[in-house]
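# Analysis of the macromolecular model
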Amino acid sequence: QQQQVQQQQVLGPRSAPVLEMERMLEESYESWSFDAFKLAAVTQGHPLSALAYYLFHKNKLISTFDLPPVKLARFLRSIEAGYTTHNPYHNATHAADVLQTLHVIIRRGAMVPQFADCLSVMAALLAAIMHDY
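Residues numbered from 1 in each chain as written. Predicted model: local features only at pLDDT ≥ 70, side-chain atom pairs only at ≥ 80, totals over all residues. Heavy atoms only, no water.

Secondary structure assignment for the protein yields eight helices and zero strands. Helices and strands appear in the protein in the N-to-C order α-α-α-α-α-α-α-α. Expected size for 133 residues packed as a compact globule is a radius of gyration near 14 Å; at 15 Å, the protein falls within 12% of this value. A principal-axis box enclosing the C-alpha atoms of the protein has dimensions of 40 × 40 × 30 Å. Burial status across the protein gives 35% buried among its 133 residues. Residue pairs in contact within the protein that sit at least 24 positions apart in sequence constitute 69% of those at least 6 positions apart. Accessible area for the protein stands at about 8,300 Å²; split by element, carbon and sulfur atoms hold 58% of it. Distance from the positive charge centre (10 side chains) to the negative charge centre (11 side chains) of the protein: 5 Å. (Helix = DSSP H or I, 4+ residues; strand = E, 2+ residues; numbered from the N terminus. Rg over C-alpha atoms; globule rule 2.2 N^0.38 Å. Buried < 20%, exposed > 50% of the residue type's maximum accessible area, 1.4 Å probe, protein only. Contact = heavy atoms within 4.5 Å. Areas by Shrake-Rupley, 256 points an atom, 1.4 Å probe, with all protein chains shown as cover. Lys, Arg positive; Asp, Glu negative; His and termini not counted. Charge placed at Lys NZ, Arg CZ, Asp CG, Glu CD.)

On to unusual backbone geometry. Here the amide bond leading from Val-112 into Pro-113 is cis, since omega sits at -5°, within 30 degrees of zero. Assignment of secondary structure puts Pro-113 in the loop between helix H7 (92–108) and helix H8 (118–129). Even without glycine at this site, Ala-110 takes up a positive phi of about 60°. Relative to the helices and strands, Ala-110 is located in the loop between H7 and H8. On the basis of relative accessibility, which here comes to 35%, the residue Ala-110 falls in the partly exposed class.

For the rest of this paragraph, the subject is the nonpolar core. Leu-48, Leu-51, Leu-55, Phe-56, Leu-99, Leu-125 and Ile-129 are the most contacted members of the largest nonpolar core, which has 30 residues in total. Breaking this core down by element, the ones donating at least two residues are helix H2 (16–28), helix H3 (36–42), helix H4 (47–58), helix H5 (61–64), helix H6 (69–82), H7 and H8. In terms of residues, this core owes the most to one element, H4, which gives six residues. With residues up to four places along the chain from it excluded, the contact list for Leu-51 reads Leu-25, Phe-34, Leu-39, Ala-96, Leu-99 and Gln-100. (Core = buried A, V, L, I, M, F, W, Y, C linked by side-chain atoms within 4.5 Å.)

Quick look at the environment of Asp-35 now. With respect to the element layout, Asp-35 can be found in the loop between H2 and H3. From its side chain, Asp-35 meets the backbone nitrogen of Lys-38 in a polar contact 3.0 Å long. (Polar contact = N/O pair within 3.5 Å; in protein donor to acceptor, adjacent residues only side chain to side chain.)

With that out of the way, let us pick up the side chain of Ser-28. Within the fold, Ser-28 resides in helix H2. Within polar-contact distance, the side chain of Ser-28 engages the backbone oxygen of Leu-25 at 3.2 Å. Discounting residues that sit within four places of it in the chain, Ser-28 has contacts with Ser-33, Phe-34, Gln-100 and Val-104.

This part covers the packing of aromatic side chains. In total, this model carries two aromatic pairs according to the counting rule given. Ring geometry for Tyr-29 versus Tyr-54: centroids 6.3 Å apart, planes at 85°, classification edge-to-face. Taken as a pair, Tyr-29 in the loop between H2 and H3 and Tyr-54 in helix H4 lie far apart in primary sequence, 25 residues in all. The pair formed by Tyr-29 and Tyr-54 is uniform in burial state, with each residue classed as buried. An angle of 75° between the planes, with centres 6.2 Å apart, marks the rings of Tyr-83 and Tyr-133 as edge-to-face. Placement of Tyr-83 in the loop between H6 and H7 and of Tyr-133 in the segment after H8 is noted, with a sequence separation of 50 residues between them. Using a relative accessible area of 54% as the deciding quantity, one classes Tyr-133 as exposed. Lying across the ring of Tyr-29, Lys-58 places its NZ or CZ 5.1 Å from the centre. (Phe/Tyr/Trp six-rings, centres within 6.5 Å; stacked < 30°, edge-to-face > 60°. Lys NZ or Arg CZ within 6 Å of the ring centre and 35° of its normal.)

And the structure:
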C-alpha cells in the first residue's frame, strides 16, 4: 500500500477509467468470471496489451527476466495492433479472453510452482497472446 501512495504522489490521482481497469484486472487474476468485452471498453480498445502487461507484472516475469517495462509495453501493443479489428472473432479481445483463461488454468490448476517455472509461464502467456496473430 505504501508503494501505491508513492506511485500516486508521482503520477497524480488516477482517473475513474484507470481505477476501473485496475479493479477488473485484480478481480480477474484467478477468476473464471471475466468480461473481455468490458475490459476492451475500459482500456479503450487495448484489452490484450493491458491484461498481458498486468499478468507479466503480477507473475513477477518483468523482474525475474529483467524485462524493460517500456519495451515490453511497446512489444505487447505491437502484437495487439497485429490483430485485425475487422474479424469479429479472432481479434485482440478474443486473444485477451484466451490469455486470461490460460492464466486461470495455470494458477487454479496448481501448475505454479510445482510443474511450471517462470520461463514456462512466460512461454505459455506469450503463446496465448499471439495465438491468432
